[in-house]
Amino acid sequence: MTTGTTTMTKETILKVEHLSMKFGGLMAINDFSFEAKRGEITALIGPNGAGKTTVFNCITGFYKPTMGMITLSRSNGKELLLERLRDFEINKVAGVSRTFQNIRLFSGLTVLENLLVAQHNVLMKASGYTILGLLGLPTYKNAAKAAIEKAEYWLNKADLTDRADDPAGDLSYGAQRRLEIARAMCTSPELLCLDEPAAGLNPKESLTLNALLRDIRDEGTSLLLIEHDMSVVMEISDHVVVLEYGQKISDGTPDHVKNDPRVIAAYLGVEDDEVEEIEEKLDKGIIEEGAV
Amino acid sequence: MVRPLKDRIRGKYMEYFIQQLINGLTLGSIYGLVAIGYTMVYGIIGMINFAHGDIFMLGGFAALIIFLILTSFFAGIPVALLLLLMLLVGMLMTGLWNWTIERVAYRPLRGSFRLAPLITAIGMSIALSNFIQVTQGPRNKPIPPLVTDTYHFGDITISLKQILIVVITSILLFAFWYIVNKTPLGRAQRATEQDRKMAALLGVDVDKTISITFIMGAALAAVAGAMYLMYYGVASFNDGFIPGVKAFTAAVLGGIGSLPGAVLGGLLIGLIESLWSAYFSIAYKDVATFAILAIVLIFKPTGILGRPEVEKV
């Protein structure tokens, strides 16, 4: 898989069109459209309360959107409408996996078991829905071995190999975050959605995370992430979409977004007339591009 | 009832005690099997399935009906094969019953307020026992003794059916333990128990996993029902109530949500019941059992092996 940064030649993996989500009288997402390309890291940013997590929840089947269409194109050419799938099919059929802002590991299961649950469907099929597995048929044994190998591969990537048999709840915060990503990867997703993966990490852990995410992209999984930590966003994403009050205000490369006056206004909270002022200054070259 | 008097006079305290232990263990095995159904369903969807006692009763009737069919159509059928078929077909039928109940009465209420499934379960329990009362009649249904062999060790008597009950229970518990701890299905069940939504996001079909849990619980209850029928020799439409609530007490005593707890609780309740009837008063044996429920709930609500729900923040 190549990792070029040219957006134009790549096919779309996720297409969100006219997405709207209403909670009672509150319009959390209003006519929001964007695309994520295959093999890229797409970041979804925006101030607190902009509706980023709501978008994620619509994509991963937590909410049924009020309006709009979410299309996922699989590598085999199949197109799926995510809002029509049942909750477990989002992963099983569409190959979309996600992590949460507040970690949701199975804390009573061991680290290894967490990774094996993620391979449930493969193992269930191989074990003939448990019945053949109980008889100890070789197909199941091989599948179980392959599942453990895969788990070991991701344990290694997440640097958790020596903790494999500990309960997941005993890990440190940073390790739990890495485990959550490893677990999501064990479902062999085509699109991995990460909700603030760097939240609460120290700068060193943040760097390790960047490397891990790039690694995942380079192995062929497309990423969609919500992030507050701009160093992470600007460092690793190929494409950034900015959301404010449920609407898209900017969309493009990290450099483009960084210098978009509307994004600056949204983040720094300037008055509307000041936005124009900044735009003017940008045009005249009074402020340097990228000085944000 | 002054049953033990004769033995007291003869001074055979020890033999009498051991005899009661054996009786208690047998009864406890049956309670333990039923308690697992309560504890598993509670673990996976946080609901007390009060109809589970009646599933146990249905299991008894299923065994009875299979017995009647087999003995009237195949007169010379060997007892071992008869018992095996009673258990297997009974497990299948009762599993199907519980699957249907979950599908029509509990699943539509999932995600509703907490009391709704509880009330439905109580309704289901009443519906089931009345259904059996209407279709099978209100009188006790007798079954001829199938296994009559007894073994004597001094003054202690062990019947073959007691041995059968304990052995079958042990085999089932091992199979069950293996499924829950070592297979992908069990892993999915434990994951669903901890975080249903997250399990679904990892591709686990949560509805199916919950259905299978109900079927597994019912299969164990069916075996318990068949053995209860074999042990006491009668089946009655309201068998689901008192033994059902006792099994529930066992689940609470062991720590609801904990599988080893359910077995331990079942054995303890069986022992308490049989020892209480032997040394105190048989009329008050249910009082003793349910007093335990109250005491456990007051002093150790998490039960013996239950974990307190503490979340790391």
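Just so it is clear, the structure is predicted and the values come from calculations on it, not from any experiment. (Residues numbered from 1 in each chain as written. Chains lettered and ligands numbered in written order. Predicted model: local features only at pLDDT ≥ 70, side-chain atom pairs only at ≥ 80, totals over all residues.)

Participant: Which residues make up helix α6 (residues 138-157) of chain A, and what are the values?
Facilitator: Residues and elements named next belong to chain A. For α6, spanning 20 residues, the distance from its first C-alpha to its last is 29 Å, which sits close to the expected 28 Å at 1.5 Å a residue. Y140, A143, A144, A147, A151, W154 and L155 are the residues of α6 that are buried. In a view along the axis of α6, the buried residues occupy a sector of 115 degrees, so they form one face of it. Turned more than 90 degrees away from the buried face of α6, the exposed residues are P138, N142, K145, E149 and N156. Count one or two residues on from α6 and you reach D159, which has phi positive near 60 degrees. (Helix = DSSP H or I, 4+ residues; strand = E, 2+ residues; numbered from the N terminus. Expected span 1.5 Å × (residues − 1). Buried ≥ 20, exposed ≤ 12 C-beta atoms within 10 Å, placed from the backbone. Arc of directions from axis to C-beta.)

Participant: Tell me what's going on with the sheet that holds strand β4 (residues 67-73) of chain A, and back it up with residues and numbers.
Facilitator: Residues and elements named next belong to chain A. If you trace the four strands from one edge of the open sheet to the other, you get β2-β1-β4-β5, paired in antiparallel fashion. If you trace the sheet from one side to the other, it starts and ends with β2 (26-37) and β5 (79-81), each paired once. Between one strand axis and the next, the sheet turns through 20 degrees on average, direction left out of account. Relative to β5, β4 is paired through three bridges, and the arrangement is antiparallel. Bridge pairing in β5 places T71 opposite L81. (Pairing = 2+ DSSP bridges. Axes fitted to C-alpha atoms, helices over the stretch in contact; angles between N-to-C directions.)

Participant: Which residues make up the confidence of the model for chain A, and what are the values?
Facilitator: With 86% of its residues at a pLDDT of at least 70, chain A reaches an overall mean of 81. Across residues 1-8 of chain A the pLDDT falls below 50, and counting only partners more than four positions away or on other chains, this stretch makes eleven contacts in the model. (pLDDT = per-residue confidence, 0-100. Contact = placed C-beta atoms within 7 Å.)

Participant: Tell me what's going on with the sheet that holds strand β6 (residues 96-98) of chain A, and back it up with residues and numbers.
Facilitator: All names here are of chain A. Spatially, six strands are ordered β6-β7-β8-β3-β9-β10 in an open sheet, and the strand pairing comes out mixed. Sheet topology places β6 and β10 (247-252) at the edges, where each strand pairs with a single neighbour. Recorded for the sheet is a direction-independent mean angle of 15 degrees between the axes of neighbouring strands. Pairing of β6 with strand β7 (residues 191-195) involves three bridges; the strand directions are parallel. Residue pairing across strands places V96 opposite L191, the latter belonging to β7. Docked against the sheet, helix α1 (residues 52-59) engages β3 (41-45), β6, β7, β8 (222-226) and β9 (239-244), running at close to 145 degrees with respect to β7.

Participant: Outline the domain arrangement of chain A, supporting the account with residue identities and numerical values.
Facilitator: Residue and element names in this part refer to chain A. When its domains are assigned, chain A resolves into domain 1 (1-95 + 189-258) and domain 2 (105-188). The C-alpha centroid of domain 2 is placed 25 Å from the C-alpha centroid of domain 1. With twelve residues of domain 1 in contact, the opposing surface of domain 2 contributes twelve residues. Elements represented by at least two residues in the side of domain 1 that touches domain 2 include exactly α2 (89-92), β7 and α8 (203-218). A per-element tally of the side of domain 1 that touches domain 2 places α8 first, with four residues. (Domains from an automatic or database assignment.)

Participant: With reference to specific residues and values, describe the packing of helix α10 (residues 242-254) of chain B against helix α12 (residues 285-299) of chain B.
Facilitator: When two helices pack together, their arrangement is given by the angle between the helix axes and the distance between those axes. Residue and element names in this part refer to chain B. At a closest axis distance of 10 Å, the pairing of α10 and α12 adopts a crossing angle of 35 degrees. Regarding α10 and α12, the two cross each other, and that crossing is left-handed. On α12, the residues touching I242, K246, T249, V252 and L253 of α10 are D286, T289, F290, I292, L293, V296 and L297. When grouped by side-chain class, the residues that make up the contact of α10 with α12 number eight nonpolar, two polar and two charged. (Left-handed = near helix turned anticlockwise from the far one by under 90°. Nonpolar A, V, L, I, M, F, W, Y, C, P; charged D, E, K, R; others polar.)

Participant: Pulling in residues and values, what's your account of the environment of A:L191?
Facilitator: All names here are of chain A. With respect to the helices and strands, L191 occurs in strand β7. Taking the C-alpha atoms as reference points, L191 and T66, separated by 125 residues in sequence, lie 23 Å from one another. Leave out the neighbours within four places in its chain, and L191 touches I13, L14, L72, G95, V96, S222 and L224.

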